[in-house]
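One letter stands for each residue in the lines below.
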Amino acid sequence: MPTPTPAASNNDPKANAAAAAAAAAVVATPAPEEDSSNAPVKSVGGSNKIKVLKPFNTANMKILLLENVNETAVSALRSQGYQVETHAKALQEDELIEKIRDVHCIGLRSKTKITKKVLDAAEKLGVIGCFCIGTNQVDLEYATQKGVAVFNSPFSNSRSVAELVIAEIVLLSRQLGDRNMEMHQGNWQKVSANCYEIRGKTLGIVGYGHIGSQLSVLAESMGMRVLFHDVVPLMPLGTAKQVNSLDELFQNSDFVTLHVPETEETKNMIGEHELNLMKQGSFLINASRGTIVQIPALAKALRSRHLGGAAVDVFPKEPAANGKFFESELIGCPNTLLTPHIGGSTEEAQSMIGAEVSQALIKFINNGTSIGAVNYPEVDLRAIRDEEVNSIRLCYTHLNVPGVLRQITDILADHNVDKQFSDSKGKIAYLMADISNVTPEQIQDIYQRVSQTPTNIITRVLY
Ligand SMILES: NC(=O)c1ccc[n+]([C@@H]2O[C@H](COP(=O)([O-])OP(=O)(O)OC[C@H]3O[C@@H](n4cnc5c(N)ncnc54)[C@H](O)[C@@H]3O)[C@@H](O)[C@H]2O)c1
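As named in an unreviewed UniProt entry, the chain is Phosphoglycerate dehydrogenase, taken from Modicella reniformis. Comment text from UniProt for the chain, heading Pathway (unreviewed entry), reads "Amino-acid biosynthesis." Listed in UniProt under the heading Sequence similarities (unreviewed entry), the comment for the chain reads: "Belongs to the D-isomer specific 2-hydroxyacid dehydrogenase family."

Draft legend 1. Region of interest: the overall build of the chain. The secondary structure content of the chain amounts to 14 helices and 16 strands. A buried classification covers 43% of the 463 residues belonging to the chain. Considering only contacts in the chain between residues 6 or more positions apart, those separated by 24 or more positions represent 65%.

Draft legend 2. Inspection of the confidence of the model for the chain at higher detail. The predicted model of the chain has a mean per-residue pLDDT of 89, with 89% of residues at 70 or higher. Counting contacts from residues 1–47, a segment whose pLDDT is below 50, to residues more than four positions away or on other chains yields 90 contacts.

Draft legend 3. Fine view of the packing of helix 6 (residues 158–173) against helix 8 (residues 210–221). Orientation of helix 6 relative to helix 8, taken along the N-to-C sense of each, is 45°, at an axis distance of 9 Å. The angle between helix 6 and helix 8 falls in the class oblique. Of the two elements, helix 6 crosses helix 8, and the hand of that crossing is right-handed. Between helix 6 and helix 8, the residues in contact are Ser158, Arg159, Val161, Ala162, Val165 and Ile166 and His210, Ile211, Gln214, Leu215, Leu218 and Ala219, respectively.

Draft legend 4. Up close: unusual backbone geometry. Its identity is not glycine, yet Gln175 carries a phi of approximately 55°, on the positive side. Phi is positive for His341, which is not a glycine, with a value near 50°. Overall, His341 belongs to the partly exposed group, with 15 C-beta atoms counted inside 10 Å.

Draft legend 5. Representation of the environment of Arg199 within the structure. Mapped onto the secondary structure, Arg199 falls in the loop between helix 7 (176–184) and strand 6 (202–206). Every residue in contact with Arg199, bar those within four places of it in the chain, is listed here: Met222 and Gly223.

Draft legend 6. Expanded view of the pairing of strand 4 (residues 127–130). Alternating residues of strand 4 divide into Val127 and Gly129 and Ile128 and Cys130, and every residue in both groups is buried. Strand direction decides the pairing type here: strand 3 (residues 105–108) and strand 4, joined by four bridges, are parallel. Bridge pairing in strand 4 links Ile106 to Ile128. In this fold, the crossover linking strand 3 to strand 4 by way of helix 4 (residues 116–121) has right-handed handedness. Pairing of strand 4 with strand 5 (residues 149–151), which is carried by three bridges, proceeds in the parallel orientation. Within strand 5, the position partnered with Ile128 by the bridge is Val150. In terms of handedness, the path from strand 4 via helix 5 (residues 140–145) over to strand 5 forms a crossover that is right-handed.

Draft legend 7. Representation of the sheet that holds strand 6. If you trace the seven strands from one edge of the open sheet to the other, you get 8-7-6-9-10-11-12, paired in parallel fashion. Strands at the two margins of the open sheet, each flanked by one partner only, are strand 8 (241–242) and strand 12 (336–338).

Draft legend 8. Examining the packing of helix 2 (residues 71–79) against helix 12 (residues 347–367) more closely. At a minimum axis separation of 7 Å, helix 2 and helix 12 run at an interaxial angle of 25°. The angle between helix 2 and helix 12 falls in the class roughly parallel. Note on packing geometry: the crossing formed by helix 2 with helix 12 is right-handed. Residues Thr72, Ala73, Ala76 and Leu77 of helix 2 pack against Ser351, Gly354, Ala355, Val357, Ser358, Gln359 and Ile362 of helix 12. Here the contact of helix 2 with helix 12 is composed, by residue class, of six nonpolar, five polar and no charged.

Conventions and cut-offs
- Residues numbered from 1 in each chain as written.
- Predicted model: local features only at pLDDT ≥ 70, side-chain atom pairs only at ≥ 80, totals over all residues.
- UniProt positions renumbered as here; feature names shortened; annotations may be inferred.
- Helix = DSSP H or I, 4+ residues; strand = E, 2+ residues; numbered from the N terminus.
- Buried ≥ 20, exposed ≤ 12 C-beta atoms within 10 Å, placed from the backbone.
- Contact = placed C-beta atoms within 7 Å.
- pLDDT = per-residue confidence, 0-100.
- Axes fitted to C-alpha atoms, helices over the stretch in contact; angles between N-to-C directions.
- Parallel < 35°, antiparallel > 145°, perpendicular 65-115°, else oblique.
- Left-handed = near helix turned anticlockwise from the far one by under 90°.
- Pairing = 2+ DSSP bridges.
- Right-handed = clockwise from strand over helix to strand, strands pointing away.
- Nonpolar A, V, L, I, M, F, W, Y, C, P; charged D, E, K, R; others polar.

Right, here's the structure in full:
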């Protein structure tokens, strides 16, 4: 059910119209002279000195959250005074096109498709929050072309994955998957042969990033010895040891666990050759990406009992919806734990994702900060302080072509530019400049001239 927050009430129709116009323009083309008086000056980050920049009435900022985005995000966005409408489910394209017309920011998970058609209908959209890891559901290229920034949360569930892998190491070592299945079939099989403690065993981690390194610490605390392989030299945590080659890792590990991204190099990385290098009776765990392991080779190694078992959370082809759609050569393999891509699926991870993405959205809307955006040049500036009363922040997203900075320098030549930063990514570039001692007329002039440059995609002025 939608739960819209009431818009700000103001009995003065002129003021209302001005606030609405400014809000409508917040992520597109602001009208700086219209609403500066009601922009509240608050503090962030525990200091009373940092000015929150927003030339709009926050209550006119419309946020649409779909797919049951976590409550942490809903309350963080509402606490800014924004109008937040929430829906439990994804919306189909036609419905979304209607809903998105006057929305400044949309939050979604993996089921909502932000297509070119949807983006064309979204007249005021400036930013998209993907409350998940992936961003394939968004036409990123077109969003970028329209100057719509896209944020996600790639690392909020690292701990959840690491904990699942620890559980799987114990489960595999004790053949718990098979014992559990037998018991559910009324079959009592009390065995200790080939069941082991994990203490003193060697864990080989492929990919020592957010998940791999977290796992390294947990595994050592359970008494395991940790080896890892990564394409970059990394500082080992605890007493873990980086090895020079994958082969060395496979030959020396009792458990091998994969935590690499999907790249040209990692696709089909684990096949017959690598599995044959693994110790007789050792275990393979894959909670990274489905394409990393060649499934027929793994099934063969399990059925021949060369491997003692495997835990697989990700698959080359995964069903798009819940139901009896799963097919794999791994079904029925001995001591093989199969899970439906749930490595990062915990309440804690959802809550962390909610907090991380909502903060990124708030910073982008209020301060222009694009750090963490997947499709935007990452730009940020030191905050403007409360005492800098006549300062503004110019946020200019433009085509990445020669000569743009010269035009902007010309426009700002007579002003005091306190600080400025610019970066580019592919076809677009993003410039942020803080300018002090400007009058309302000058703000209007800067805005008009910058937004009328031929390379303009979006110009915002925050103050
Ligand atoms: N199962 C799930 O639900 C779930 C949840 C979160 C993440 N993941 C997946 O887990 C994987 C790891 O995530 P992360 O957050 O730790 O990523 P990360 O980017 O923090 O770490 C990846 C590490 O792999 C290394 N690496 C890259 N190519 C390599 C190669 N060819 N050989 C060895 N090392 C290589 C990188 O240098 C990096 O240190 C990703 O594929 C991610 O999609 C799965």
